[in-house]
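Here is what each chain is made of, one letter per residue.
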Amino acid sequence: MDLNTVTRVIPARTRTDLSSLGGGAVPLAGGSVLFAEPNPSIHTLVDLQTFGWQPFVATDEGLEVAATTTLTQLSTLPDDHGWRAHPLFRQCCTALFGSFKVWNVATVGGNICTALPAGPMTSLFSALDAQALIWKADGSDQRVPVSELVTGNTTTALEPGDVMRSLHVPARSLRSVTAYRKIALSALGRSGAVVIGRLDPVDGGFVLTVSAATVRPEQLRFAALPTASELRAAIEGIDSWFTDAHGAADWRLAVSGVLAEEIRLELAEGDKR
């Protein structure tokens, strides 16, 4: 889609280049959503790719993922650190409703900031308890849990002029055992529900993250693996199910319960080994 009202493109190389953001000036990362529909209010694009951010920085504290990292880069992240959660990166990429061409340009930051319920990067980084580093419009920095950054269907906690710089995944999450389930009404359709379970390597705590079926990521936390009835009751307590062309709210609730129980059983079996 041509944005034929754009009259200026600013290649951002320093943080001061972001000062023009706001109103009709918007950040450009991969552009897979930005160019997907007309938006006559946009007159300026501020290109974030020209920052040249390194896609991944691994330290003892965890993994820093640049917001401009593409899904192709994320899906091919080498498995050379022994992270038990490593399979989750590619698994969540496969939940994207888009071809390999989209994978080559779509960015993790753009996917989260678009805040579609079915955004698979929201699912991934919420499930791993990642925090987003936000460059605030006033020049300050802020870290926000991804699970709290997305507040609803296409709404976030970002303010005008804010830019996501990176995502930090803690080492503890990367060492966790994970289990992943996704369902859609058609084989290549947008996700109707994405459910991810994670078993903490230190204290055995269990975190279940439900997304795509809800307007915002929902997390259920337990001190240990719950019983089937405890898990079912917690899922039934979620109040943000929604209905659209990709699934009815009652169906999303029902299938999320089934997928969550599959995850509980998978992690329980793995915990015995």
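Residues numbered from 1 in each chain as written. Predicted model: local features only at pLDDT ≥ 70, side-chain atom pairs only at ≥ 80, totals over all residues. Heavy atoms only, no water.

**Remarks on the pairing of strand β5 (residues 62-66)**
Okay, so step 1: In terms of burial, β5 is a largely internal element, four of the five residues being buried.
Okay, so step 2: When strand β4 (residues 56-59) meets β5, the two strands line up antiparallel, connected through four bridges. The partner of T59 across the bridge, within β5, is G62.
Okay, so step 3: In textbook terms, the turn of a hairpin is the stretch between consecutive antiparallel strands, and for β4 and β5 this stretch comprises two residues.
Okay, so step 4: The pairing of β5 with strand β10 (residues 163-170) spans five bridges and is classified as antiparallel. Paired with E64 across the strands is H168, a residue of β10. (Buried < 20%, exposed > 50% of the residue type's maximum accessible area, 1.4 Å probe, protein only. Helix = DSSP H or I, 4+ residues; strand = E, 2+ residues; numbered from the N terminus. Pairing = 2+ DSSP bridges.)

**Comments concerning the packing of aromatic side chains**
Okay, so step 1: The full count for this structure, using the stated rule, is four aromatic pairs.
Okay, so step 2: Measuring from centroid to centroid gives 5.6 Å for W53 and W135, while their planes differ by 90°, and the two rings are edge-to-face. Residue W53 is found in the loop between β3 (44-47) and β4, and its partner W135 is found in strand β6 (residues 131-135); the two are separated by 82 residues along the sequence.
Okay, so step 3: On the accessibility criterion, W135 (13% relative accessible area) is buried.
Okay, so step 4: One aromatic cluster is present, formed by F51, W53 and W135 through successive ring pairs.
Okay, so step 5: A cation sits over an aromatic face here: R252 above F242, 4.2 Å from the ring centre. (Phe/Tyr/Trp six-rings, centres within 6.5 Å; stacked < 30°, edge-to-face > 60°. Lys NZ or Arg CZ within 6 Å of the ring centre and 35° of its normal.)

**Here's the deal with the environment of L74**
Okay, so step 1: With respect to the helices and strands, the residue L74 is situated in helix α1 (residues 71-75).
Okay, so step 2: Classification of L74 as buried rests on a relative accessible area of 0%.
Okay, so step 3: The contact partners of L74, leaving out residues within four places of it in the chain, are F56, T69, F89, C93, V108, M121 and L124. (Contact = heavy atoms within 4.5 Å.)

**Some remarks on the sheet that holds strand β14 (residues 218-222)**
Okay, so step 1: The strand order across the open sheet built from four strands is β11-β12-β13-β14, with neighbouring strands paired in antiparallel fashion. The open sheet has two edge strands, β11 (177-184) and β14, and neither has a second partner. Pairwise comparison of adjacent strand axes, ignoring direction, gives a mean angle of 10° for this sheet.
Okay, so step 2: Across six bridges, the pairing between strand β12 (residues 191-199) and strand β13 (residues 206-211) is antiparallel. From the neighbouring strand, I196 faces β13, where its bridge partner is T209.
Okay, so step 3: Sheet contacts for helix α5 (residues 120-127): β12, β13 and β14; angle to β12, the most-contacted strand, approximately 15°. (Axes fitted to C-alpha atoms, helices over the stretch in contact; angles between N-to-C directions.)

**Topic: the pattern of salt bridges**
Okay, so step 1: Within the structure shown, the criterion is met by 14 salt bridges.
Okay, so step 2: Measuring nitrogen to oxygen at the nearest pair gives 2.8 Å for the salt bridge that ties D141 to R15. Within this pair, whereas D141 is found in strand β7 (residues 141-145), its partner R15 is found in the loop between β1 (8-11) and β2 (25-28), the two being separated by 126 residues in sequence.
Okay, so step 3: Accessibility expressed as a relative area gives 27% for R15, which makes it partly exposed.
Okay, so step 4: With its nearest N and O atoms 2.8 Å apart, the salt bridge here joins D162 to K136. Of the two residues, D162 sits in the loop between β9 (155-156) and β10 while K136 sits in the loop between β6 and β7, which places them 26 residues apart along the sequence. Each of the two residues, D162 as well as K136, counts as buried.
Okay, so step 5: Each of D129, R198 and R221 takes part in one network of salt bridges that share partners. (Salt bridge = Lys/Arg side-chain N within 4 Å of Asp/Glu carboxyl O.)

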